[in-house]
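# Remarks on the overall topology
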Amino acid sequence: MSAEDNKKRAALEALKWLDDARVIGIGTGSTVNHFIDALESIKGRLDGVVSSSGASAQRLKAIGIPVLDLNAAGELSVYVDGADEANHRLQLIKGGGGALTREKVVAAVSKQFICIVDDSKLVDVLGRFPLPVEVIPMARSYVARELVKLGGRPDWRQGFVTDNGNVILDVHGLTILYPPVLEAEINQITGVVSVGIFARRSADVLLVGYGDRVEKITR
Ligand code: 5RP
């Protein structure tokens, strides 16, 4: 079984977690794309979806699902999104697709955050995946120097601009033993918009797709 099959298995399992929600939030990435594709079969039950990115919004619209403005939607009951890494405490690294800030916002307003991953994403310690940090463009060099002081090796994701008009620094070489602490430290650097550690608002349910099953991990 390929990682893609395992992502799809986790994505299909997430359909069972929507209950009777009429408006849901969704994230970004190849795992979420499987989830969006699966939503087509139940789209009649939904009033619409709040999307964390232009890319997911486009995919939703293509299958006839209305995309709603978060300010009008209010609190959401369920948010479904992928991750680049997840540990057993349901703390995550996200932002490989560069949508981390909007993903944080949608996760923050959702009662349940269902995270869907394939088994390669499950780790004991976060940090092998380079940590994405969204930064306003003029602060790029300053923030990079501050990240070096924290022990990281920041790498500017050249040619990439976020949906918010900012840049991404991917920070290599971190062993993140205390995710909520590092999340707060990086968030406090002037010029940082948000960091891809999701520990203060972690997932509530982690669905991990394997070759023959989906494992459910809850808090
Ligand atoms: C985008 C994200 C994605 O959830 C993360 O990159 C996982 O992507 P994929 O499902 O393609 O492996 O955080 O900003």
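The rules behind these values
- What you see as residue numbers is a count from 1 along each chain, following the sequence as written.
- Given that the model is predicted, a residue must reach a pLDDT of at least 70 before its local features are reported, and side-chain atom pairs must reach 80 or more before they are shown or counted; all residues, however, enter totals for whole chains, interfaces and linings.
- Excluded from the side-chain calculation are hydrogens and water; included are all heavy atoms of the structure.
- With axes taken as lines fitted to C-alpha atoms, and helix axes fitted only over the stretch in contact, angles between N-to-C directions fall between 0 and 180 degrees.
- Helix and strand definitions follow DSSP, with helices as H or I runs of at least four residues and strands as E runs of at least two, each counted in order from the N terminus.
- Oblique is the label for every angle not falling under 35 degrees (roughly parallel), over 145 degrees (roughly antiparallel), or within 65 to 115 degrees (roughly perpendicular).
- Each crossing gets its handedness from the near helix: less than a right angle anticlockwise from the far helix is left-handed, clockwise is right-handed.
- Whether two residues touch is decided by their heavy atoms; if any such pair falls within 4.5 Å, the residues are in contact.
- Three residue categories are used. Nonpolar comprises Ala, Val, Leu, Ile, Met, Phe, Trp, Tyr, Cys and Pro, charged comprises Asp, Glu, Lys and Arg, and polar comprises the others, including Gly.
- Domain borders in the structure are assigned automatically or taken from a domain database.
- Values labelled buried area give the accessible surface lost by two parts on being combined, using a 1.4 Å probe and summing over both.
- A carboxyl oxygen of Asp or Glu within 4 Å of a side-chain nitrogen of Lys or Arg is what we treat as a salt bridge.
- In protein, a polar contact requires one atom able to donate a hydrogen and another able to accept it; more generally it is a pair of N or O atoms within 3.5 Å, and residues adjacent in sequence count only if both atoms are side-chain atoms.
- If a single non-hydrogen atom of a residue is within 4 Å of a molecule or strand, that residue counts as near it.
- Method for areas: the Shrake-Rupley scheme with a 1.4 Å probe, in which residue coverage is limited to the protein chains shown.

Below, the discussion takes up the packing of helix H1 (residues 3–14) against helix H2 (residues 30–39). Closest axis-to-axis distance for the H1/H2 pair is 8 Å, and the angle between their directions is 50°. With respect to their mutual orientation, H1 and H2 come out oblique. Crossing of H1 over H2 shows right-handed handedness. Contact residues: Glu4, Lys7, Lys8, Ala11, Leu12 and Ala14 in H1; Ser30, Thr31, His34, Phe35 and Ala38 in H2. Split by residue class, the contact of H1 with H2 holds five nonpolar, three polar and three charged.

The domains assigned to the chain are domain 1 (3–124 + 200–218) and domain 2 (131–195). For domain 1 versus domain 2, the separation of C-alpha centres amounts to 24 Å. In this complex, domain 1 contributes 16 residues to the contact, which on the side of domain 2 involves 19 residues. With both chains or domains summed, domain 1 and domain 2 bury close to 1300 Å², and 49% of this area falls on carbon and sulfur atoms. The three residues of domain 1 that bury the most area against domain 2 are Leu100, Lys104 and Arg200, which together make up 39% of that side's buried surface. Across the salt bridge formed by Glu183 and Lys104, the nearest N and O atoms sit 2.8 Å from each other. Our enumeration of links across domain 1 and domain 2 arrives at 11 residue pairs in polar contact (both at pLDDT 80 or more).

Glancing now at the site of the ligand. Of all residues adjacent to the ligand, which total 17 residues, the nearest are Ser30, Thr31, Asp84, Gly95 and Lys121. Here an oxygen atom of the ligand and a side-chain polar atom of Thr31 are 2.6 Å apart. Between an oxygen atom of the ligand and a main-chain N or O atom of Gly96, the distance comes to 3.5 Å. Compared with its free state, where it exposes 380 Å², the ligand has 91% of that area covered by protein. When the residues that make up the shell around the ligand are grouped by side-chain class, the tally is two nonpolar, nine polar and six charged.

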